[in-house]
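# Summary of the model geometry
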Amino acid sequence: MEQLEIEFTRLVKEYKSTVYTVCMMFADDPDETDDLVQEALIHLWKGFQGVRQVSKTWVWRVTMNSCISIDRKNKRKKATECALTVAHENVMQDASVAQSPNVKKLYERIHALNPFDRSMVMLWLEGMSYEEIGDVMGISPKNVSVKLFRIKEQLKQMTQNGKQ
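Conventions used here
- Residues numbered from 1 in each chain as written.
- Predicted model: local features only at pLDDT ≥ 70, side-chain atom pairs only at ≥ 80, totals over all residues.
- Heavy atoms only, no water.
- Helix = DSSP H or I, 4+ residues; strand = E, 2+ residues; numbered from the N terminus.
- Expected span 1.5 Å × (residues − 1).
- Bend = angle between axes of the 7 residues up to and from the residue.
- Phe/Tyr/Trp six-rings, centres within 6.5 Å; stacked < 30°, edge-to-face > 60°.
- Lys NZ or Arg CZ within 6 Å of the ring centre and 35° of its normal.
- Salt bridge = Lys/Arg side-chain N within 4 Å of Asp/Glu carboxyl O.
- Buried < 20%, exposed > 50% of the residue type's maximum accessible area, 1.4 Å probe, protein only.
- Patch = residues over 30% accessible without salt bridge, like charges linked within 9 Å, V, L, I, M, F, W, Y side chains within 5 Å.
- Areas by Shrake-Rupley, 256 points an atom, 1.4 Å probe, with all protein chains shown as cover.
- Lys, Arg positive; Asp, Glu negative; His and termini not counted.
- Charge placed at Lys NZ, Arg CZ, Asp CG, Glu CD.
- Contact = heavy atoms within 4.5 Å.
- Arc of directions from axis to C-beta.
- Core = buried A, V, L, I, M, F, W, Y, C linked by side-chain atoms within 4.5 Å.

## With respect to helix H1 (residues 3-26)
Each α-helix winds once per 3.6 residues, and so residues spaced three or four apart point in a common direction. Under the 1.5 Å per step criterion, the end-to-end length of H1 is 32 Å for 24 residues, consistent within 8% with the ideal 34 Å. At Tyr-15, H1 is deflected by roughly 70°, the largest bend along its length.

Dropping the structure here:
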């Protein structure tokens, strides 16, 4: 394996739950999640070759943008490179984490949000600070605070209305 592939495999192992979680939030079913993970890994691979420093923010941004793009275009592609296949298997090993009924309900409600709000909630659930979320989303930390408050209210309303 080339050094670049080894480093990419290491990156995927470190951020596999992040990649899977983001993709799951944009998918309607497990097969679509699988397709989104493949696409996100392709974009991560392409970006990885030219990025100077990999960070959690960078992985989030690339994965989210990939999912949003696919969501808009409704396209799916398959990964063909060996490094992507290995990385994909590593990500999918964490799929069992999201199988509890409460987690599924939460994901269903979050999935009902628009893509921008969905992304913001996922960053917040990942434990990122408002400043970090603002960096990823391209908005101010204060705007993050306001938007997250509104999104939380919207999720509470969904729960009260018994939606999903």
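## Comments concerning the packing of aromatic side chains
All told, the structure shown has two aromatic pairs when counted by the stated rule. Following the ring pairs from residue to residue traces out a cluster consisting of Phe-8, Trp-45 and Phe-48. Above the face of the Phe-26 ring, Arg-118 is positioned so that its terminal group lies 4.7 Å from the ring centre.

## A look at the pattern of salt bridges
Two side chains bearing opposite charge may form a pair once their charged atoms approach each other closely. A complete count under the given rule lists two salt bridges for this structure. A salt bridge links Lys-56 to Glu-126; its shortest N-O distance comes to 3.6 Å. Residue Lys-56 is found in helix H3 (residues 56-73), and its partner Glu-126 is found in the loop between helix H6 (115-125) and helix H7 (130-137); the two are separated by 70 residues along the sequence. A salt bridge links Glu-153 to Lys-156, with the shortest nitrogen-to-oxygen separation between them at 3.4 Å. With Glu-153 and Lys-156 both in helix H8 (residues 141-160), this residue pair falls three residues apart, about one helical turn. On the accessibility criterion, Glu-153 (34% relative accessible area) is partly exposed. On the basis of relative accessibility, which here comes to 48%, the residue Lys-156 falls in the partly exposed class.

## With respect to a negative patch on the surface
Negative charge collects at one region of the surface, where Asp-28, Asp-29, Asp-31 and Asp-71 lie side by side. One can find Asp-31 in helix H2 (residues 30-48).

## Focus: the environment of Leu-155
Mapping Leu-155 onto the fold places it in helix H8. Not counting residues within four places of it along the chain, the set of residues in contact with Leu-155 comprises Arg-109, Ile-110 and Leu-113.

## With respect to H7
Every buried residue belonging to H7 is among Ile-133, Gly-134, Val-136 and Met-137, and all of these are buried. Viewed end-on, H7 has its buried residues packed into an arc of 165°, placing them on one side of the element. In the stretch just after H7, Gly-138 is the one whose phi turns positive, near 80°.

## Some details on the nonpolar core
Counting 44 residues, the largest nonpolar core has Phe-8, Leu-44, Trp-60, Leu-123, Ile-133 and Met-137 as the members making the most contacts within it. When contributions to this core are tallied by element, the ones reaching two or more residues are H1, H2, H3, helix H5 (101-111), H6, H7 and H8. Counting residues per element, this core draws most heavily on H1, which supplies eleven residues. In this structure, Ile-133 is in contact with Met-120, Leu-123, Trp-124, Met-128, Val-144 and Leu-148, ignoring residues within four places of it in sequence.

## Describing the environment of Met-25
Mapped onto the elements, Met-25 comes out in helix H1. Separated by 88 residues in sequence, Met-25 and Leu-113 have C-alpha atoms that sit 9.6 Å apart. Residues in contact with Met-25, not counting those within four places in the same chain, are Tyr-107, Ile-110, His-111, Arg-118 and Met-122.

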